[in-house]
There are 2 protein chains.
Amino acid sequence: MDRIAENADQSRGVTADDVAAAAGVSRWTVARAFKKRGAISPKTRQKVLAAAERLGYAPDLLAASLASDRSHLVALITNDFNNPHKLVLLERLTRILWSQGWGTLLVNMSESEDASAALLAASQRRVDAAVMIGTRFDDRVLDTALGARRVKKLVVFARYSNNPNTLTISCDDRLAMREIGDHLFARGYASPAFIAGPDTQSAKLHRVDSFRDHWLGLTGGAVPTRHAAGYDFHSAIDTVNAVLDAALPGTLPDVLVCENDILAIGAKEALRARGGAAAGIAVTGFDDIPLAAAPSYHLTTYRQPITAMCERLLDVLSGRLNEDVFVPGTLIVRGG
Amino acid sequence: MDRIAENADQSRGVTADDVAAAAGVSRWTVARAFKKRGAISPKTRQKVLAAAERLGYAPDLLAASLASDRSHLVALITNDFNNPHKLVLLERLTRILWSQGWGTLLVNMSESEDASAALLAASQRRVDAAVMIGTRFDDRVLDTALGARRVKKLVVFARYSNNPNTLTISCDDRLAMREIGDHLFARGYASPAFIAGPDTQSAKLHRVDSFRDHWLGLTGGAVPTRHAAGYDFHSAIDTVNAVLDAALPGTLPDVLVCENDILAIGAKEALRARGGAAAGIAVTGFDDIPLAAAPSYHLTTYRQPITAMCERLLDVLSGRLNEDVFVPGTLIVRGG
DNA sequence: AAGAGATTTGCACACGCGAGCAGATTTTTC
DNA sequence: GAAAAATCTGCTCGCGTGTGCAAATCTCTT
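In what follows, the accompanying structure is described. (Residues numbered from 1 in each chain as written. Chains lettered and ligands numbered in written order. Predicted model: local features only at pLDDT ≥ 70, side-chain atom pairs only at ≥ 80, totals over all residues. Heavy atoms only, no water.)

### Some remarks on the packing of helix H2 (residues 16-23) of chain B against helix H4 (residues 42-55) of chain B
All names here are of chain B. The N-to-C vectors of H2 and H4 enclose an angle of 120°; their axes lie 9 Å apart at closest approach. It follows from the interaxial angle that H2 and H4 lie oblique. H4 is crossed by H2, and the crossing has right-handed handedness. Between H2, through Asp-18, Val-19, Ala-22 and Ala-23, and H4, the contact on the second element is made entirely by Lys-47, Val-48, Ala-51, Ala-52 and Leu-55. (Axes fitted to C-alpha atoms, helices over the stretch in contact; angles between N-to-C directions. Helix = DSSP H or I, 4+ residues; strand = E, 2+ residues; numbered from the N terminus. Parallel < 35°, antiparallel > 145°, perpendicular 65-115°, else oblique. Left-handed = near helix turned anticlockwise from the far one by under 90°. Contact = heavy atoms within 4.5 Å.)

### Side note on the protein's contact with DNA strand D
Taken together, 25 residues lie near DNA strand D, and Thr-29, Arg-32 and Thr-44 of chain A together with Ala-16 and Tyr-57 of chain B sit nearest. Considering the 4 Å shell around the protein, atoms of DNA strand D inside it are sugar or phosphate in 54% of instances. Contact between DNA strand D and Arg-27 of chain B: a base oxygen at 3.1 Å from a side-chain N or O atom of the residue. One of the side-chain N or O atoms of Lys-35 of chain B is found 3.4 Å from a phosphate oxygen in DNA strand D. Counting residues per element, the ones that place at least two in the surface near DNA strand D are helix H3 (27-34) and helix H5 (61-68) of chain A together with helix H3 (27-34) and helix H5 (61-68) of chain B. At four residues, the largest contribution of residues to the surface near DNA strand D is made by H5 of chain B. Residue composition of the surface near DNA strand D, by class: 14 nonpolar, six polar and five charged. (Near = heavy atom within 4 Å. Polar contact = N/O pair within 3.5 Å; in protein donor to acceptor, adjacent residues only side chain to side chain. Nonpolar A, V, L, I, M, F, W, Y, C, P; charged D, E, K, R; others polar.)

### Quick look at the interface of chain A and chain B
The partner chain B presents 62 residues to the 65 residues of chain A that form the contact. In total, about 5,700 Å² of surface goes out of reach between chain A and chain B, with carbon and sulfur atoms giving 60% of it. Counting the contacts that link chain A with chain B gives two salt bridges. With its nearest N and O atoms 2.1 Å apart, the salt bridge here joins Arg-126 of chain B to Asp-60 of chain A. Put simply, chain A and chain B have 24 residue pairs in polar contact (both at pLDDT 80 or more) between them. (Buried area = accessible area lost by both parts, 1.4 Å probe. Salt bridge = Lys/Arg side-chain N within 4 Å of Asp/Glu carboxyl O.)

### Here we look at the sheet that holds strand E7 (residues 225-227) of chain B
Hydrogen bonding along the main chain pairs the strands of a sheet, whether they run parallel or antiparallel. Residues and elements named next belong to chain B. Strand order in this open sheet of four strands is E7-E6-E8-E9, and the pairing throughout is parallel. Every other strand in the sheet has two partners, leaving E7 and strand E9 (282-284) as the edge strands with one partner each. Along the sheet, successive strands turn relative to each other by an average axial angle of 20°, direction set aside. The sheet contact formed by strand E8 (residues 255-258) and E9 spans three bridges and is parallel. Looking at E9, one finds that Val-257 is bridged to Thr-284. Against the sheet, helix H10 (residues 173-186) makes contact with strand E6 (192-196), E8 and E9, and its axis sits at roughly 170° relative to E8, the strand it touches most. Sheet strands in contact with helix H12 (residues 233-246) are E6, E7 and E8, and its direction is about 140° off that of E7. (Pairing = 2+ DSSP bridges.)

### Things to note about the pattern of salt bridges
All names here are of chain B. Applying the stated rule across the entire model yields 26 salt bridges over all chains. Measuring nitrogen to oxygen at the nearest pair gives 3.2 Å for the salt bridge that ties Asp-69 to Arg-126. Of this pair, Asp-69 sits in the loop between H5 and strand E1 (73-78) while Arg-126 is found in the loop between helix H7 (115-124) and strand E3 (129-133), placing the two residues 57 residues apart along the sequence. For Asp-69, a relative accessible area of 33% gives the class partly exposed. The residue Asp-315 makes a salt bridge to Arg-312 at a minimum N-O spacing of 3.2 Å. (Buried < 20%, exposed > 50% of the residue type's maximum accessible area, 1.4 Å probe, protein only.)

### Regarding the nonpolar core
One finds Phe-157 of chain A together with Phe-157 of chain B to be the most contacted residues of the largest nonpolar core, which totals 93 residues. Among all residues touching Phe-157 of chain A, those that are not within four sequence positions of it are Leu-89, Leu-93, Val-131, Met-132, Ile-133, Gly-134, Ile-169, Met-309, Cys-310 and Leu-313 of chain A. (Core = buried A, V, L, I, M, F, W, Y, C linked by side-chain atoms within 4.5 Å.)

### Quick look at the packing of H12 of chain B against helix H13 (residues 261-274) of chain B
Residues and elements named next belong to chain B. It is at 7 Å that the axes of H12 and H13 come closest, and there the two elements cross at 50°. Between H12 and H13, the crossing angle belongs to the class labelled oblique. As for the relative orientation of H12 and H13, their crossing is right-handed in sense. Residues Phe-233, Ala-236, Ile-237, Val-240, Asn-241, Leu-244 and Asp-245 of H12 form the contact with H13, whose participating residues are Ile-262, Leu-263, Gly-266, Ala-267, Glu-269, Ala-270, Leu-271 and Arg-274. Here the contact of H12 with H13 is composed, by residue class, of ten nonpolar, two polar and three charged.

### Things to note about the sheet that holds strand E8 (residues 255-258) of chain A
Residues and elements named next belong to chain A. Pairing is parallel across the open sheet formed by four strands, whose spatial order is E7-E6-E8-E9. Looking at the sheet topology across the chains shown, the edges are occupied by strand E7 (225-227) and strand E9 (282-284). Taking the axes of each pair of neighbouring strands and ignoring which way they run, one obtains an average angle of 20° across the sheet. Sheet topology places strand E6 (residues 192-196) next to E8; four bridges connect them, and they run parallel. Following the sheet pairing, Ala-193 is matched in E8 by Leu-256. Packed on one face of the sheet, helix H11 (residues 206-219) meets E6, E7 and E8 and runs near 170° to E6.

### Observations regarding the pairing of strand E3 (residues 129-133) of chain A
All names here are of chain A. Of all the five residues making up E3, five are buried; the element is thus mostly covered by neighbouring parts of the structure. Side-chain alternation along E3 places Ala-129, Val-131 and Ile-133 on one buried face and Ala-130 and Met-132 on a second face that is also buried. Pairing analysis gives four bridges linking strand E1 (residues 73-78) to E3, with the strands arranged parallel. Looking at E3, one finds that Ala-75 is bridged to Ala-130. Here E3 pairs with strand E4 (residues 154-157) via four bridges, running parallel.

Limitation: the analysis is restricted to geometry and does not speak to function.
Here is the structure:
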């Protein structure tokens with residue numbers, strides 16, 4: 001066959017068979033040459049790789065997935081595209097996963113708000129694992145949804161889930177909120193208020209509870225909490241205005257502890273627009289998004305250990321790790 | 001046993017054969033039942049779908065890809081994860097593509113700065129098309145890189161490329177900059193300066209040139225241009241400071257036209273920090289990222305027609321469209 | 001009611017590669 | 001130098017589905 005000659009032109013459909021023919025070995029020897037720990041003699045491998053290079057061959061991962069029942073594909077599922085921090089997570093995840101040979105399928109579940117459709121779609125592509133990014137996983141889905149059962153591994157990333165069928169890889173939120181509380185206490189703040197995201201029944205509000213518990217232990221004082229309608233700065237502005245309107249004179253909080261940086265930025269905007277006593281109220285965030293460092297905001301916030309979390313994810317994918325992980329992050333002190 | 005084994009055990013390996021047996025038909029009839037326009041009698045389809053439902057069957061897209069040589073997979077390739085606008089693009093792209101049956105592989109090429117590695121990785125997954133998001137495609141890659149030749153379609157999305165082997169789907173930047181110019185002219189601005197991104201030799205700076213050409217025609221005046229070191233607001237701050245430092249007294253620009261919103265936000269930050277005469281200088285952006293609407297910035301900017309662009313991408317993927325497209329966007333007037 | 005036409009169903013083959021084993025080759029051992 | 005061990009190579013079978021065609025069934029006309 002001079003199929004090889006054809007392919008050299010088109011550079012399409014170059015298969016292991018072609019390389020095998022060109023190198024004078026069998027197809028399986030070609031496969032071994034491309035395997036890290038393949039049982040193959042150095043000179044044969046050399047010969048094969050040279051032929052592959054010449055023909056422009058690269059193994060077909062699709063066919064390999066079908067044959068081996070391991071796709072080396074991970075579905076990244078998320079529904080919150082308003083938060084710039086998602087971009088940081090996606091950047092890190094894709095870079096680190098691809099560098100280790102894992103492909104990443106980005107799935108948007110903001111339509112349905114129900115993970116089952118996203119999981120079904122992912123499972124049809126035979127992903128080795130589904131990773132919910134910054135998204136809680138509703139327990140009921142596992143019982144009812146078709147897709148959920150078909151996915152081999154289910155990981156909740158950068159968020160807490162107590163679902164027993166799920167693996168959590170997250171920042172240690174409890175520790176984080178303690179550090180923020182200690183920091184505020186040391187700086188002399190006395191009456192914090194918490195600005196949280198939407199108060200959905202199912203969502204366990206880890207950060208709020210952690211902060212309130214710790215502050216109670218620290219000062220004996222309760223922390224009033226207000227829920228924004230959404231994780232976006234417009235909602236935060238409305239919420240902070242509501243907080244300020246509701247406060248009796250002389251009972252203003254002296255610091256607004258926000259569940260993440262987006263809400264914190266909204267809070268800063270609201271306080272600045274309001275002026276007067278409000279302008280003196282401090283704000284803390286969470287995530288350390290790039291804009292948190294802007295002169296206008298200069299937020300004290302908490303940086304999640306994303307790289308470390310990604311590495312734990314690799315451990316989970318390779319089967320080395322099979323339990324929940326909480327990694328400590330870093331307090332970033334900027335403003336008051 | 002562990003949780004993973006449980007999941008995998010349940011409904012593993014329900015294939016078309018199983019459904020066929022359960023429904024009393026052949027495997028190919030099952031396939032037809034799942035095809036939109038399959039030649040199959042309604043009652044047979046009904047019977048098959050019922051059996052599939054009962055068994056929890058969903059077609060294996062991986063095997064289908066291998067057999068049909070169409071993966072219905074698209075690689076989304078990008079390298080600029082600093083710009084929140086990427087998140088908007090990703091959200092829209094993934095939602096619209098998945099809704100039409102296209103899977104999206106997110107590839108991060110920020111490491112190499114060279115598209116060839118990303119393209120090779122994508123091609124090994126047999127993607128039907130690679131979409132460079134907001135990223136220019138270096139012509140030389142097509143000639144030298146292995147990956148580039150293996151990808152069936154190459155689309156440059158939300159950015160201009162004059163590469164003949166590439167399809168461009170973009171906002172009509174030329175029109176956009178004309179609208180911005182007209183707007184500024186009508187408002188009485190007389191001496192704009194342009195703040196652009198990095199000045200790489202290969203990059204054709206579409207927006208800059210368009211604005212300068214138009215302004216020249218409008219007023220006969222030249223527009224001084226300054227390049228930031230990167231597409232991030234810190235670089236923009238430095239650049240704007242440099243512009244102000246370099247300006248002779250009385251020759252300050254009255255408006256800074258920025259290549260995108262991130263640079264514009266940096267510009268606003270710099271002007272605000274500077275105070276005095278600088279604080280009166282207006283700023284325009286591009287992209288209309290969510291934060292552009294924040295009270296602190298309140299940017300006049302230009303919204304790209306992302307949904308329309310995604311629909312044109314679908315046309316390209318399905319083969320209905322095979323030429324460059326430039327879609328007009330919308331001027332968003334906010335600040336001065 | 002028979003035959004033409006339309007519709008519906010079944011089948012051989014292919015897609016590109018991996019797992020696991022058997023045969024071939026080389027290296028080591030006594 | 002021959003046998004045992006270690007290493008290397010080739011091969012059968014299967015992964016789950018699409019394509020194109022032939023066979024079977026149904027519908028309608030005369």
